[in-house]
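Chain residues, written in single-letter form:
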Amino acid sequence: MRAVALLAAVALAGPAAAQSQFEKYQQMTAEGSPVELFEMEGEALWRKPQGPRNVSLEKCDLGKGPGVLQGAYAALPRYFADADRVMDAETRILHCMVALQGRSLAEASKRLFGNADNPSEMEYLTAYVAGHSRGVRMTPGTEHPKERAAFALGQKLFYHRAGAWDFSCTSCHGQENKRIRMSELPVLDRPEDARPIVATWPAYRVSNSQLKTMQWRINDCYRQMRMPEPNFGSEATIALNLFLTATGQGAAYNGPGTKR
Amino acid sequence: MAGPMKMRATLGNGFTDVRVLMTHPMSTEQQTKGQPHFIQNVTVKVNGKTVIEGEISQAVSRNPVFSFRLAGGAKGDKIEVSWLDNKGDTNKTEAAVA
């Protein structure tokens, strides 16, 4: 009975009051964020010679030329001619591990999602790469035919209902003023909602002390929808990432972020 | 092997604001069933002189962030923050006030 009364009170307080609470919570978590530590670990890994060729990732071309990190994350996902496909940051890093360091795809992708005690190489590296785009406007690739095809696929997947619960992304991200615990659920096909989201991934999650990548976010959304697990860097996850990023393009990148 | 630390020290309005990030599991008695691992002591030095000696507990989160406000200070002052945990591990970082 008490819970019911509390819920009613929250509802009566209206969206304006609730909004400021969420924002205050966001601000407080960001102030205490250790996300820069992940960038530091990522820098060490970026410079560390590894793999059969014993070379570092310093010559990795993230779209701005070999070794150019400045603004690279903010211009992803985009089409890469050398791989003849659209790639996001994590997929491109994985590509460089194989192409530059001579590692097998199986070895490089053995452990892409880490945990609090032992974050993954991919998580550290993504934080490091993303940190070089602070303040840079998000301009993912939307011109190349393959970029347009990926956007269209991502858009289709976003609305596609499937699985045991017949969920689509819009089941959670299609209505205004919904939330899960202290996380507001943005309506991700609206630019004003998508902008602050795409500008803050990857992100440190204070609730489990882990840095998470966008590839993880999409993977876990599929888990929450009770759908089969998508492959890391698959056509589908990159297409969804491009759809979301292109919807939120123009925002100044403000990550790596901090979330609940 | 202790993970990285990062610190910023900035001067403004007659105060030096120090913000320091530490990598540490900060695991509690309950989480580890009797094998807690947490930072016990935090020491802040300015130009070699100890200004803060703090004791913290298991109640502090993983990868903690601390902020200190020190009265006065000058650009270029050397701030050193070190920690010591219950297993005897230690780490420190230095930064000049900017």
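Residues numbered from 1 in each chain as written. Chains lettered and ligands numbered in written order. Predicted model: local features only at pLDDT ≥ 70, side-chain atom pairs only at ≥ 80, totals over all residues.

Student: Break down the overall build of chain B for me, citing the residues and quoting the values.
Tutor: Helix and strand content of chain B: one helix and seven strands. The principal-axis extent of the C-alpha atoms belonging to chain B is close to 45 × 20 × 20 Å. A burial count over chain B gives 22% of its 98 residues as buried. Taking all contacts inside chain B whose residues are at least 6 apart in sequence as the whole, residues at least 24 apart take part in 56%. (Helix = DSSP H or I, 4+ residues; strand = E, 2+ residues; numbered from the N terminus. Buried ≥ 20, exposed ≤ 12 C-beta atoms within 10 Å, placed from the backbone. Contact = placed C-beta atoms within 7 Å.)

Student: Residue-level account of the overall build of chain A, with values.
Tutor: Helix and strand counts for chain A come out as ten helices and seven strands. Counting only C-alpha atoms and orienting by the principal axes, one finds that chain A spans roughly 65 × 40 × 35 Å. Counted over contacts in chain A with a minimum sequence separation of 6, partners at least 24 positions apart contribute 70%.

Student: Outline the domain arrangement of chain A, supporting the account with residue identities and numerical values.
Tutor: Residues and elements named next belong to chain A. Partitioning chain A into domains gives domain 1 (1-32) and domain 2 (33-259). Relative to domain 2, the C-alpha centre of domain 1 lies at a distance of 29 Å. With six residues of domain 1 in contact, the opposing surface of domain 2 contributes six residues. Grouping the constituent residues of the side of domain 1 that touches domain 2 by class yields four nonpolar, two polar and no charged. (Domains from an automatic or database assignment. Nonpolar A, V, L, I, M, F, W, Y, C, P; charged D, E, K, R; others polar.)

Student: Residues and numbers for the packing of helix H9 (residues 214-224) of chain A against helix H10 (residues 235-247) of chain A, please.
Tutor: Residue and element names in this part refer to chain A. Where H9 contacts H10, the two axes come as close as 10 Å, and the packing angle between them is 110°. In terms of orientation, H9 lies roughly perpendicular with respect to H10. Between H9, through Met214, Gln215, Ile218 and Asn219, and H10, the contact on the second element is made entirely by Thr237, Leu240 and Asn241. Its residues assigned to classes, the contact of H9 with H10 shows three nonpolar, four polar and no charged. (Axes fitted to C-alpha atoms, helices over the stretch in contact; angles between N-to-C directions. Parallel < 35°, antiparallel > 145°, perpendicular 65-115°, else oblique.)

Student: So what about the sheet that holds strand S5 (residues 65-71) of chain B? Which residues, and what values?
Tutor: Residues and elements named next belong to chain B. Here three strands make up an open sheet; going across it, the order is S1-S2-S5 and the pairing antiparallel. Here the strands that pair on one side only, and so sit at the sheet edges, are strand S1 (5-12) and S5. Within the sheet, the average angular offset between the axes of one strand and its neighbour, ignoring direction, is 15°. (Pairing = 2+ DSSP bridges.)

Student: Help me get a handle on the sheet that holds strand S5 (residues 203-205) of chain A, residues and values and all.
Tutor: Residue and element names in this part refer to chain A. With mixed pairing, the three strands of this open sheet are ordered in space as S6-S5-S7. The open sheet has two free edges, formed respectively by strand S6 (210-212) and strand S7 (257-259), since each of these has just one partner strand. The average undirected angle you get between the axes of adjacent strands in this sheet is 30°. Bridge count for S5 against S6 is three bridges, and the pairing is antiparallel.

Student: Kindly report on the environment of Ala96(B), identifying the contributing residues and their values.
Tutor: Residue and element names in this part refer to chain B. The topology assignment puts Ala96 in strand S7 (residues 90-96). Residue class for Ala96 comes out exposed when judged on the 10 C-beta atoms lying within 10 Å of it. Remark: the alpha-carbon pair of Ala96 and Arg8, spanning 88 residues in sequence, is separated by 8.2 Å. Setting aside its immediate chain neighbours within four residues, Ala96 contacts Gly76, Asp77 and Lys78.

Student: Quick rundown of the interface of chain A and chain B? Include the residues and the values.
Tutor: Contact with chain A, which involves ten residues of that partner, is made by nine residues of chain B. By residue class, the composition of the side of chain A that touches chain B is four nonpolar, three polar and three charged.

Student: I'd like a description of H10(A), backed by residues and values.
Tutor: Residues and elements named next belong to chain A. With 13 residues, H10 ought to run about 18 Å at 1.5 Å a step, and its terminal C-alpha atoms sit 18 Å apart, in line with that. Of all 13 residues in H10, eleven are buried; the element is thus mostly enclosed. By the burial criterion, the buried members of H10 are Thr237, Ile238, Ala239, Leu240, Asn241, Leu242, Phe243, Leu244, Thr245, Ala246 and Thr247. The secondary structure elements touched by the buried residues of H10 are strand S2 (85-87), helix H3 (89-99), helix H6 (145-159), helix H8 (191-198) and H9. (Expected span 1.5 Å × (residues − 1).)

Student: Run through the pairing of S1(B), naming residues and quoting values.
Tutor: Note: S1(B) against strand S2 (residues 15-22) of chain B, eight bridges, orientation antiparallel. Following the sheet pairing, Gly12(B) is matched in S2(B) by Phe15(B).

Student: How would you explain the confidence of the model for chain A if you had to name every residue and give the values?
Tutor: On average, chain A scores 91 in pLDDT, and the residues at 70 or more come to 93%. Per-residue pLDDT stays below 50 along residues 1-17 of chain A; that stretch engages in two contacts with residues further than four places along the chain or on separate chains. (pLDDT = per-residue confidence, 0-100.)

Student: Tell me about helix H2 (residues 35-47) of chain A, residues and numbers included.
Tutor: With 13 residues, H2(A) should cover 18 Å at 1.5 Å per step; its first-to-last C-alpha distance of 19 Å lies within 8% of that length. Check the buried side of H2(A) and you find it contacts helix H5 (121-131), S5, S6 and S7 of chain A together with S1 and S2 of chain B.

Student: Break down the pairing of S7(B) for me, with residues and values.
Tutor: Residue and element names in this part refer to chain B. Where strand S6 (residues 78-85) and S7 come together, seven bridges link them in antiparallel fashion. If you follow Ser82 over to S7, its bridge partner there is Lys92. Counting the residues in the hairpin turn of S6 and S7 gives four residues, including Gly88, whose phi is positive at 90°.

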